[in-house]
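# Coordinates in review
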Amino acid sequence: MYSLGDIVRLLLYLVGLIGFGAFNAAYLSLLERKQSAWMQLRRGPTEVGPWGLIQPVADGLKLLSKQILLPRDVNVPLFLLAPIMVVVPAIVSLVTIPFSETLVAHRYNLGLLMIFSFGAINIFALLIAGWASANKYASIGAVRVVAQNIAYEVPMLLVVIALVMVTSSFDLVEIVKQQGGGCWHWNLLKLGANPMMPASFLIFFICMLAETNRAPFDMVEAESELIAGAFTEYSGMGFGLFFIAEYVNILIGCSLATILFLGGWDCPFGLFPGPHWFLIKMYALCFTVVWVRWSFPRTQFYGLLNLSWKILIPLALVNLLLTAVMLKLVP
Amino acid sequence: MINYFKEIILGLRTLAIGMRITFVRMFHHRVTLDYPHKTVTMTPRFRGHVILKVADAKPKCIVCMACQRACPSGCIKLDGEKREGAARKSLTSYTLNFTTCSLCGLCVESCAFDALEFSKKYNLTSMHKEDYQAIDLLQQAGGGK
Ligand code: SF4
Ligand code: SF4
């Protein structure tokens, strides 16, 4: 059973993680604005604070000060539930993310599974948001999110299953531990276990982009087609919560990619492993996520589904079979 | 089957090229001008509202009324007087109704004494229409006394 100390520790971690999540949501949005500006030869926010560093605070205040409108036909309980449903799983998923061997809120031997199951709630929340809004753009966005997330959940899970076959553990701490001691031990480069590891990392990353509804897969929001998709009718902090959840989900996705493929807190050349390496790798991936968004236009919807069903899923299946064969052949 | 893989490789290659371009772009020089803090100088042929030219701290205008007559919209109202000891008439008032001015330039062209020109002002805003219904050009040119 849990002792009082454990519960206090868990609560403190939870507060810390909520703070961490909120801080990252704020500053990833700033990174997004700055980086997109740099890539387009602009300068991004510069007015609020030095180099615009206080900008997220201003954005937050703006969203907080706005009224939460309830349009006439919305289904009020569901409409209000959706933003909460989207943000809570995102925060809860952070609980099992190990920042280092000891720095983890709750080490759970099914951590990986838990993150995926909480991640699935995200789809429901967006579906509910779109449906409850009683708005045709929101409904289209909601329908798209289901089609898209189901399509991309499959290859993602297939890749992860193959990985779990290699690590034979769902425990994130254990998975990272197995990759300790330099970048040649990372799952990304464990070609002995499966020569398709780099490809499976790529599949995982693409699916992660699609699961978090990031451009070029942002069919849910698709502001040029659907106004704001599932979020059309939300204002003020209702919208703000979706916004925070989007960035926290990116954070979780990048953390997961770091843990599963890039050795978590392990140093690439075997020196000074620690949480700083975890953060460096994770933010490098976050940078890449933003980089991808501002490099490519949104795909068309059938292009999106084709990519999943015709390319990613077959490759993921081959990857799975190959891993199984290699496990039998290479003892 | 070969085509399938060719397509994937080609796709990945083009994606990589795209990402390289955006990455390199991050280190280009910025084209943004920090507008309220920095402004560009206006091009020579830019037409702001007309202003009176000044020579020896006095408007060059000799009150011949040609500009008032030339203006198709009747924007210009001016008046002058013959002062003791002055060789020519002096302006006592010169107002421009900028709300109807079409910036056609007929007034500038009609002035035989090179006393009018277009200004380079473009930061003009006001919450009151009156502010632009009678711009006192004489005052802007330094009073005229
Ligand atoms: S520019 Fe044209 S419309 Fe404007 S004051 Fe001169 S003559 Fe009139
Ligand atoms: S035409 Fe020239 S000189 Fe004559 S009144 Fe107008 S501004 Fe003065």
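Higher on the page you've got the structure.
Residues numbered from 1 in each chain as written. Chains lettered and ligands numbered in written order. Predicted model: local features only at pLDDT ≥ 70, side-chain atom pairs only at ≥ 80, totals over all residues. Heavy atoms only, no water.

This paragraph deals with the overall build of chain B. Along its length, chain B carries five helices and seven strands. Listed by position from the N terminus, the elements making up chain B come as α-β-β-β-α-β-β-α-β-α-β-α. Against the 2.2 N^0.38 benchmark of 15 Å for 145 residues, chain B shows a C-alpha radius of gyration of 27 Å, more extended than a compact globule. Considering chain B as a whole, with its 145 residues, one finds that 26% of them fall into the buried category. For chain B, contacts bridging at least 24 residues in sequence account for 69% of all contacts bridging at least 6. Counting only carbon and sulfur atoms, one obtains 59% of the accessible surface of chain B, whose full area is about 10,000 Å². Here chain B contributes 21 positive and 12 negative side-chain charges, whose respective centroids are spaced 9 Å apart. (Helix = DSSP H or I, 4+ residues; strand = E, 2+ residues; numbered from the N terminus. Rg over C-alpha atoms; globule rule 2.2 N^0.38 Å. Buried < 20%, exposed > 50% of the residue type's maximum accessible area, 1.4 Å probe, protein only. Contact = heavy atoms within 4.5 Å. Areas by Shrake-Rupley, 256 points an atom, 1.4 Å probe, with all protein chains shown as cover. Lys, Arg positive; Asp, Glu negative; His and termini not counted. Charge placed at Lys NZ, Arg CZ, Asp CG, Glu CD.)

Here the structure, examined in full by the defined rule, presents nine salt bridges over all chains. Among the salt bridges present, the one from B:D34 reaches A:R43, with a minimum N-O distance of 3.3 Å. Highlighted residues: B:D34 in the loop between α1 (2–25) and β1 (50–52) and A:R43 in the loop between α1 (4–39) and α2 (55–64), drawn from two different chains. Judged by its relative accessible area of 15%, B:D34 is buried. Across the pair B:K53 and B:D114 runs a salt bridge whose closest N-O atoms are separated by 2.8 Å. Within this pair, whereas B:K53 is found in the loop between β1 and β2 (54–55), its partner B:D114 is found in the loop between α3 (106–110) and β6 (116–118), the two being separated by 61 residues in sequence. (Salt bridge = Lys/Arg side-chain N within 4 Å of Asp/Glu carboxyl O.)

With that out of the way, let us pick up the nonpolar core. With 72 residues, the main nonpolar core has A:L112, A:F204, A:L260 and A:F261 as its most contacted residues. Considering every element that reaches this core, the biggest residue donor is helix α9 (residues 236–261) of chain A, with eleven residues. Contact partners of A:F204, with chain neighbours within four places excluded, come to A:F116, A:M156, A:V159, A:V160, A:G253, A:L256, A:A257, A:L260 and A:F261. Residues B:V63, B:I76, B:L116 and B:L137 belong to the second largest nonpolar core, which totals 23 residues. (Core = buried A, V, L, I, M, F, W, Y, C linked by side-chain atoms within 4.5 Å.)

A complete count under the given rule lists 20 aromatic pairs over all chains for this structure. Through a chain of ring-to-ring contacts, three or more aromatic side chains come together here, namely A:F79, A:F231, A:Y234, A:F239, A:F242, A:F243 and A:Y247. (Phe/Tyr/Trp six-rings, centres within 6.5 Å; stacked < 30°, edge-to-face > 60°.)

On to the sheet that holds strand β4 (residues 76–81) of chain B, then. Residues and elements named next belong to chain B. Here three strands make up an open sheet; going across it, the order is β4-β5-β7 and the pairing antiparallel. Looking at strand neighbours, the two that pair on one side only are β4 and β7 (135–136), the edges of this open sheet. Pairing between β4 and strand β5 (residues 90–96): six bridges, direction antiparallel. What sits directly across from K77, in β5, is T95. (Pairing = 2+ DSSP bridges.)

Any functional reading would require information beyond the geometric quantities listed.
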